[in-house]
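The residues making up each chain are set out below.
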Amino acid sequence: MLNIHVKQGLTLLICLLSVLFAGCPTVETGPAIEPDYVLPTGFPQFPIPSDNPINAEKIDLGRRLFYDTRLSSDNTIACANCHKQEFAFTDGGMQVSRGVDRELGNRNSPTVVNSGYAPSLFFDGRAPSIEEQAFGAFTNPIEMRADVAVIDKFLMNDSAYVAHFSRAFGTGSVPSSKMAMKAIATFIRTVLSGNSRYDQYIHGNKSALNPSELRGMNLFFDYRTQCATCHSGYNFTDNEFHSTGLFTHYYDKGRHDFTRNPVDVGKFKTPTLRNIALTDPYMHDGHLATLEETLDHYNQGGKQFINKDPRILPLKLTQEEKNDLIAFLQSLTDEELIHNPKFGKK
Ligand code: HEC
Ligand code: HEC
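Rules used throughout
- Residues numbered from 1 in each chain as written.
- Chains lettered and ligands numbered in written order.
- Predicted model: local features only at pLDDT ≥ 70, side-chain atom pairs only at ≥ 80, totals over all residues.
- Heavy atoms only, no water.
- Buried < 20%, exposed > 50% of the residue type's maximum accessible area, 1.4 Å probe, protein only.
- Helix = DSSP H or I, 4+ residues; strand = E, 2+ residues; numbered from the N terminus.
- Arc of directions from axis to C-beta.
- Contact = heavy atoms within 4.5 Å.
- Near = heavy atom within 4 Å.
- Polar contact = N/O pair within 3.5 Å; in protein donor to acceptor, adjacent residues only side chain to side chain.
- Nonpolar A, V, L, I, M, F, W, Y, C, P; charged D, E, K, R; others polar.
- Donors = N, O, S within 2.8 Å, 3.2 Å for Na, K, Ca; no water.
- Tetrahedral: all angles 85-135°; square planar, octahedral: opposite > 155°, others 65-115°.
- Phe/Tyr/Trp six-rings, centres within 6.5 Å; stacked < 30°, edge-to-face > 60°.

K.L.:
Help me understand helix H4 (residues 130–139) in this model?
P.N.:
Along an α-helix, residues three or four positions apart point the same way, because every turn accommodates 3.6 residues. Buried within H4 we find Ile130, Glu131, Gln133, Ala134, Ala137 and Phe138. Looking down the long axis of H4, one finds its buried residues gathered within 165 degrees of arc, a one-sided arrangement. Looking at the buried positions of H4, the neighbouring elements they touch are helix H5 (148–157) and helix H7 (177–189).

So, in structure tokens, the structure goes:
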């Protein structure tokens, strides 16, 4: 926030000085209206790329575009089709996602919540920014299959969008798909979640978790399970790539698709566990239907696989311990996220 205040202060100062001459300067990148988002307690400021500064109008525009099916080749698919608010911005029960012409993809739709903190996007980390990631989804033949020239034309000819782009990017800016993705990325950065009962507990409300959830929490953070060494920090991810030994042979090679390094075969980005009770099914290919199945996978220590992380070992959890761990994972649901009207369709 500090940056924004300093920037605004500067703009104001330049404004005051230049009023004497020719009125306020228009900021090339859009008006410096205080962006309206709240960082959850304990979360740092997310990074903001220098070529895509944040402002309230851009968040608003990004939100409109995120829900607009007219951005896909057959006008049926918006980002929000696969990233639905009620399922913590995943697609709700689909094993792999379905794009235009109802074509199936090969990966499970992950949440976009708290993505602004991720140094790389996608299960294999191939996108370095949300801007690039969004452009990837937008042009992907089995996601939105958008023709950039067609969408550019649509945006330029839509008077409502022309007005919104002007407000978000500065007067006279001409709407384009590229700017649309910048706006969507800006909106996504503000879709934050950090107010689950677990958060309320660690910030002082000692009655927020029941005894079973507390036992599960202790197991989760215990050396014995190692869960929190990968699912670490405020977003329950180390943002690294690991194989948990899901298969003895991986058809989807994961991180290897990007690095081509044999040690990366079968490695996928550690997903956040926030809102995990809402984002089933699980894993990159969605082949584990429930949290029970996912815990069974960990309890067995995964399958034999050359790149399996050495921390994935048989855990010998009792049925009660498994239930406690699941209860803890369920306490990571943030009701505020799924009901916040600021994240919904406008
Ligand atoms: C057809 C379903 C579908 C549509 C439409 C779609 N996505 Fe996705 N999204 C996915 C899937 C599947 C992945 C994971 C792909 C992978 O890892 O290779 C993903 C990954 C992401 C991620 C990365 C999350 C992470 O933690 O790595 C973000 C952010 C995202 N999508 C945003 C968007 C935006 C913005 C749009 C619209 C421009 C969009 N998606 C459209 C299915 C979809
Ligand atoms: C070595 C790092 C590591 C450890 C230790 C680890 N995980 Fe994971 N976890 C991952 C990775 C990587 C994935 C994604 C794997 C994939 O999609 O192939 C994952 C996926 C998950 C998922 C599914 C997430 C989703 O959105 O689909 C859950 C739930 C989960 N882990 C819980 C746990 C629990 C509980 C423990 C402790 C018993 C644990 N993990 C230990 C790295 C780890």
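K.L.:
For this particular structure, what's the right way to read the site of ligand 1?
P.N.:
Inspection of the region around ligand 1 gives 27 residues, with Cys79, Cys82, His83, Phe122 and Phe123 positioned closest. Arg107 is positioned such that a nitrogen or oxygen atom in its side chain is 2.8 Å from an oxygen atom of ligand 1. Elements with a minimum of two residues in the shell around ligand 1: helix H3 (79–82), H4 and H7. Element by element, the count of residues in the shell around ligand 1 is highest for H4, at three residues. Partitioned by chemical class, the residues of the shell around ligand 1 number 14 nonpolar, eight polar and five charged.

K.L.:
I'm lost on the side chain of Asp152 in this one. Help?
P.N.:
Secondary-structure assignment places Asp152 in helix H5. When sequence neighbours within four positions are dropped, the list of residues in contact with Asp152 reads Pro175, Ser176 and Ser177.

K.L.:
Explain the coordination of the iron atom of ligand 2 to me, please; I cannot follow it from the model alone.
P.N.:
Four donors placed tetrahedrally around a metal ideally meet at 109.5 degrees, and six donors placed octahedrally ideally meet at 90 or 180 degrees. Coordination of the iron atom of ligand 2 by the protein is provided by His231 (NE2) and Tyr298 (OH), with metal-donor distances spanning 1.9 to 2.1 Å. Relative to the metal, the six donor atoms surrounding the iron atom of ligand 2 lie at angles of 84 to 179 degrees, and the coordination shape comes out octahedral. Residue His231 is found in the loop between helix H10 (227–230) and strand S1 (241–242), and its partner Tyr298 is found in helix H12 (residues 291–299); the two are separated by 67 residues along the sequence. His231 sits in the buried class, given a relative accessible area of 10%.

K.L.:
Looking at this structure, I do not really get the environment of Met179. What am I missing?
P.N.:
Tracing the backbone shows Met179 in helix H7. By relative accessible area, which is 17% here, Met179 ends up buried. Taking the C-alpha atoms as reference points, Met179 and Phe169, separated by 10 residues in sequence, lie 8.4 Å from one another. Residues contacting Met179, with those up to four places away along its chain left out, are Phe165, Phe169, Ser173 and Val174.

K.L.:
What's the story with the site of ligand 2 in this structure? I'm lost.
P.N.:
In the region of ligand 2, 24 residues are neighbours, and Cys227, Cys230, His231, His284 and Tyr298 sit closest. Among the secondary structure elements, those contributing two or more residues to the shell around ligand 2 are H10 and H12. Ranked by residues supplied to the shell around ligand 2, first place goes to H12 with four residues. Partitioned by chemical class, the residues of the shell around ligand 2 number 14 nonpolar, eight polar and two charged.

K.L.:
What exactly am I supposed to notice about the packing of aromatic side chains here?
P.N.:
The way to describe two aromatic rings as a pair is by their centre distance and the angle between their planes. Inspection of the entire model under this criterion finds 23 aromatic pairs. A ring pair is formed by Phe46 and Tyr117, whose centres lie 6.2 Å apart and whose planes are at 85 degrees; its orientation type is edge-to-face. In this pair, Phe46 is assigned in the loop between helix H1 (2–19) and helix H2 (56–66) and Tyr117 in the loop between H3 and H4, connecting sequence segments 71 residues apart. A relative accessible area of 12% places Tyr117 in the buried class.

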